[in-house]
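One letter stands for each residue in the lines below.
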Amino acid sequence: GAVVSQHPSWVICKSGTSVKIECRSLDFQATTMFWYRQFPKKSLMLMATSNEGSKATYEQGVEKDKFLINHASLTLSTLTVTSAHPEDSSFYICSASGKYEQYFGPGTRLTVT
Amino acid sequence: GENVEQHPSTLSVQEGDSAVIKCTYSDSASNYFPWYKQELGKRPQLIIDIRSNVGEKKDQRIAVTLNKTAKHFSLHITETQPEDSAVYFCAATTSNTGNQFYFGTGTSLTVIP
């Protein structure tokens with residue numbers, strides 16, 4: 001299957017700082033990427049749909065000014081958590097959409113202290 | 001929109017026994033149903049999928065069945081092994097590029113040696 005990378009794999013930051021997470025599709029072009037948040041032992045919660053060259057579509061309850069998404073190319077989408085707080089600590093996973101499947105990145109563990 | 005329900009939330013089986021996980025969906029337009037396996041701290045991995053024009057699909061010890069009329073699909077794992085222990089997610093979507101996946105809440109499977 002297709003390969004999707006995510007960077008960084010884990011990050012620890014101080015409260016109030018911003019953190020950028022990158023999601024790359026390495027061997028195919030993805031016009032659509034998805035960003036998920038996952039709490040321990042819980043399902044994937046869709047945060048937003050990232051479309052190349054246009055604004056992201058955010059799910060209800062997700063603050064677009066806090067979770068900034070940029071999809072500047074067909075192989076890269078970024079999620080920036082602005083002014084992070086401890087409650088933003090979570091596992092963030094991106095996926096890139098193929099014809100049928102979604103290909104998931106390895107995830108980023110964010111810890112805000 | 002689509003609503004996917006998954007049962008049970010936890011499942012323990014003895015090694016060698018079978019495990020069955022069931023999902024229901026609400027949108028009759030959904031026509032692609034993947035199953036993902038996720039180990040702790042790792043990305044979800046596609047293990048099997050089925051499209052709506054097929055009633056059953058099998059891959060070695062794993063099989064999926066689909067009942068379009070009743071809008072439910074099931075994952076069957078036979079001859080379970082300890083390495084099958086993980087969280088399993090079902091999903092439903094329409095098979096158009098870029099359509100979001102609607103995930104079930106997950107089933108934590110434990111295979112007892």
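Below is a short write-up of the structure. (Residues numbered from 1 in each chain as written. Chains lettered and ligands numbered in written order. Predicted model: local features only at pLDDT ≥ 70, side-chain atom pairs only at ≥ 80, totals over all residues. Heavy atoms only, no water.)

Brief notes about the overall build of chain B
Secondary structure summary: chain B contains zero helices and 11 strands in total. Overall, chain B shows an N-to-C arrangement of helices and strands of β-β-β-β-β-β-β-β-β-β-β. Since a compact globule built from 113 residues should have a radius of gyration of about 13 Å, the 13 Å found for chain B is in line with a globular shape. For chain B, the C-alpha atoms occupy an extent of roughly 40 × 30 × 20 Å along the three principal directions. (Helix = DSSP H or I, 4+ residues; strand = E, 2+ residues; numbered from the N terminus. Rg over C-alpha atoms; globule rule 2.2 N^0.38 Å.)

A word on the sheet that holds strand E1 (residues 4–7) of chain B
Residues and elements named next belong to chain B. Strand order in the open sheet made by the five strands is E1-E3-E8-E7-E6, with antiparallel pairing throughout. Of all strands in the sheet, those with a lone pairing partner are E1 and strand E6 (56–59), marking the two edges. Taking each pair of neighbouring strands and ignoring which way they run, the sheet shows an average axis angle of 15°. As judged from the six bridges shared by strand E7 (residues 62–67) and strand E8 (residues 72–77), these two strands associate in the antiparallel manner. (Pairing = 2+ DSSP bridges. Axes fitted to C-alpha atoms, helices over the stretch in contact; angles between N-to-C directions.)

Things to note about the interface of chain B and chain A
The partner chain A presents 22 residues to the 21 residues of chain B that form the contact. Between chain B and chain A, the buried area comes to about 1,700 Å², and carbon and sulfur atoms account for 55% of it. Counting the contacts that link chain B with chain A gives zero salt bridges. Seen at the junction of chain B and chain A, the total is five residue pairs in polar contact (both at pLDDT 80 or more). (Contact = heavy atoms within 4.5 Å. Buried area = accessible area lost by both parts, 1.4 Å probe. Salt bridge = Lys/Arg side-chain N within 4 Å of Asp/Glu carboxyl O. Polar contact = N/O pair within 3.5 Å; in protein donor to acceptor, adjacent residues only side chain to side chain.)

Focus on the sheet that holds strand E1 (residues 4–7) of chain A
Residue and element names in this part refer to chain A. Judged by pairing direction, the sheet is antiparallel, and its four strands sit side by side in the order E1-E3-E8-E7 without closing on themselves. The open sheet has two free edges, formed respectively by E1 and strand E7 (67–73), since each of these has just one partner strand. Across the sheet, the axes of successive neighbouring strands diverge by a mean angle of 15°, strand direction being ignored. In this structure, E7 lies alongside strand E8 (residues 76–81), joined through five bridges in antiparallel fashion. Counterpart to Ser73 in the pairing with E8 is Leu76.

Topic: the state of the cysteines
Scanning the entire structure with this criterion turns up two disulfides over all chains. Here A:Cys23 pairs with A:Cys94 through a disulfide, and the sulfurs are 2.0 Å apart. Taking the torsion about the sulfur-sulfur bond, which here is approximately 80°, the covalent link between A:Cys23 and A:Cys94 counts as right-handed. Residue A:Cys23 is found in strand E3 (residues 19–25), and its partner A:Cys94 is found in strand E9 (residues 90–97); the two are separated by 71 residues along the sequence. Taking the relative accessible area as the measure of exposure, A:Cys23 reaches 0% and is therefore buried. Accessibility expressed as a relative area gives 0% for A:Cys94, which makes it buried. Across the disulfide, B:Cys23 is cross-linked to B:Cys90 (sulfur-sulfur distance 1.9 Å). Classification of the bridge connecting B:Cys23 and B:Cys90 rests on its S-S torsion, roughly -100°, and on that basis the disulfide is left-handed. Of this pair, B:Cys23 sits in strand E3 (residues 19–25) while B:Cys90 sits in strand E9 (residues 86–92), and the two are 67 residues apart along the sequence. One exposure class covers both B:Cys23 and B:Cys90, and it is buried. No disulfide involves A:Cys13; its sulfur sits 18 Å from the nearest other cysteine sulfur, which is in A:Cys94. (Disulfide = S-S within 2.5 Å. Buried < 20%, exposed > 50% of the residue type's maximum accessible area, 1.4 Å probe, protein only.)

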